[in-house]
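# Fold and contact review
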Amino acid sequence: KKKEESVSLNSFTPNTKIESAKVTANFTNLSNHGRNFNILFYIPNTLVVETRYAYISFPDNGTIERVDLTVETVPTGSAIIVDIERSTDGGGTWTTIFTGGTNRPQIAISSRTGNTTTIDVPGIIANTYLYRVKIVQIGSTIAGADMVVSIKGKYNLD
């Protein structure tokens, strides 16, 4: 006859300080990783000053924490400057998330990357706000080409 073994569903001792701290740390780790987002806009070919008409909305409330830029062909003569615009009325009007334009992400002359972590209007309302990319400035000698704009942040899971 086989002996039956009891297997515990919990691998920790409940109601102990050290084990509860592990559970809290694991939950925080999972929560932090599960709520991150990274939205990419790919702009192929030689860059031009323009407003991109492809836009996105986010499926949950959240906060934009940074915008990163990369290009395949580096700009020369002047930097590339990008704006992120937000519409709160379904695309009727658009305003920058970088108040005054001073914190917009840019790629310096002869550089391949650039970013900003200062977002003046970071709040996202689920399925309400629309976002789009606007190329404000390009390189004056070589414009730059094949750019990826990455919008990173966290959803509010509460």
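Shown above is the structure to which this text applies.
These lines cover the structure that appears in this document, whether it is placed above or below.

## A word on the overall build of the protein chain
If you tally the helices and strands in the protein chain, you get 1 helix and 10 strands. Across the protein chain, contacts joining residues at least 24 apart in sequence account for 81% of those joining residues at least 6 apart. Surface exposure of the protein chain reaches about 9600 Å², of which carbon and sulfur atoms provide 51%.

## Description of the nonpolar core
With 27 residues, the main nonpolar core has Ile 84, Met 147 and Val 149 as its most contacted residues. Contributing elements (two or more residues each) for this core: strand S1 (36-46), strand S3 (62-73), strand S4 (80-87), strand S9 (130-137) and strand S10 (145-155). Discounting residues that sit within four places of it in the chain, Val 149 has contacts with Ile 39, Leu 40, Phe 41, Ile 43, Val 67, Asp 68, Leu 69, Val 82, Ile 84 and Val 133.

## What to know about the pattern of salt bridges
Tallied over the entire structure, the rule returns 5 salt bridges. For Glu 50, the salt bridge is made with Arg 52, and the minimal N-O distance between the two is 2.8 Å. Judged by relative accessible area, Glu 50 falls into the partly exposed class, the value being 26%. Notably, a salt bridge pairs Asp 68 with Arg 66, separated by 2.9 Å at the nearest N-O pair. Taking the relative accessible area as the measure of exposure, Asp 68 reaches 13% and is therefore buried.

## A short note on unusual backbone geometry
Positioned with a positive phi, Ser 110 is a non-glycine residue whose angle comes to about 65°. Position of Ser 110 relative to the elements: it lies in the loop between strand S6 (106-107) and strand S7 (113-116). At Asn 127, a residue that is not glycine, the phi angle is positive and equals roughly 55°. Relative to the helices and strands, Asn 127 is located in the loop between strand S8 (123-124) and S9.

## Topic: the environment of Ser 78
Take Ser 78: it is sitting in the loop between S3 and S4. Owing to a relative accessible area of 16%, Ser 78 belongs among the buried residues under this scheme. When the C-alpha atoms of Ser 78 and Gly 139 are compared, they prove to be 4.5 Å apart, with 61 residues separating the residues in sequence. Beyond its immediate chain neighbours, meaning those up to four positions away, Ser 78 contacts Ile 109, Gln 137, Ile 138, Gly 139 and Ser 140.

## Concerning the side chain of Asp 68
Within the secondary structure layout, Asp 68 lies in strand S3. Only 3.1 Å separates the side chain of Asp 68 from the side chain of Lys 152, close enough to count as a polar contact. The contact partners of Asp 68, leaving out residues within four places of it in the chain, are Gly 114, Asn 115, Val 148, Val 149, Ser 150 and Lys 152.

## A few points about the packing of aromatic side chains
In total, this model carries 4 aromatic pairs according to the counting rule given. Relative to Tyr 131, the ring of Phe 58 lies with its centre 5.3 Å away and its plane at 75°, an arrangement referred to as edge-to-face. Here the residue Phe 58 occupies a position in the loop between strand S2 (50-56) and S3, and Tyr 131 occupies one in strand S9, the gap between them amounting to 73 residues. The two residues Phe 58 and Tyr 131 agree in class, both being buried. An aromatic cluster of three or more residues is present, and its members are Phe 37, Phe 58, Tyr 131 and Tyr 155.

What counts and how
- Starting afresh in each chain, residues are numbered from 1 along the sequence in its written order.
- Local features in a predicted model are, by the rule used here, given only for residues with pLDDT of at least 70; side-chain atom pairs are given and counted only at 80 or more, and totals for whole chains, interfaces and linings are based on all residues.
- Side-chain numbers come from the whole structure's heavy atoms, not from hydrogens or water.
- In this text, helices come from DSSP runs of H or I with a minimum length of four residues, and strands from runs of E with a minimum of two, each type numbered from the N-terminal end.
- For this analysis, residues touch if any pair of their heavy atoms sits within 4.5 Å.
- To measure how exposed things are, a 1.4 Å probe is used in the Shrake-Rupley method; for residues, cover is taken only from the protein chains shown.
- Here the nonpolar core consists of buried residues drawn from Ala, Val, Leu, Ile, Met, Phe, Trp, Tyr and Cys, with membership extended through side-chain atoms lying within 4.5 Å.
- For each residue, the accessible area found with a 1.4 Å probe, counting protein chains only, is set against the maximum for its type, and the residue is called buried under 20%, exposed over 50%, and partly exposed in between.
- Here, a salt bridge means any Lys or Arg side-chain nitrogen found within 4 Å of an Asp or Glu carboxyl oxygen.
- Contacts described as polar in this section are N or O atom pairs within 3.5 Å, which, within protein, must combine one atom able to donate a hydrogen with one able to accept it, while residues neighboring in sequence count only if both atoms come from side chains.
- The aromatic pairing rule takes the rings of Phe, Tyr and Trp, using the six-membered ring of Trp, and pairs them if the centres are within 6.5 Å, calling planes under 30 degrees apart stacked, those over 60 edge-to-face and the rest tilted.

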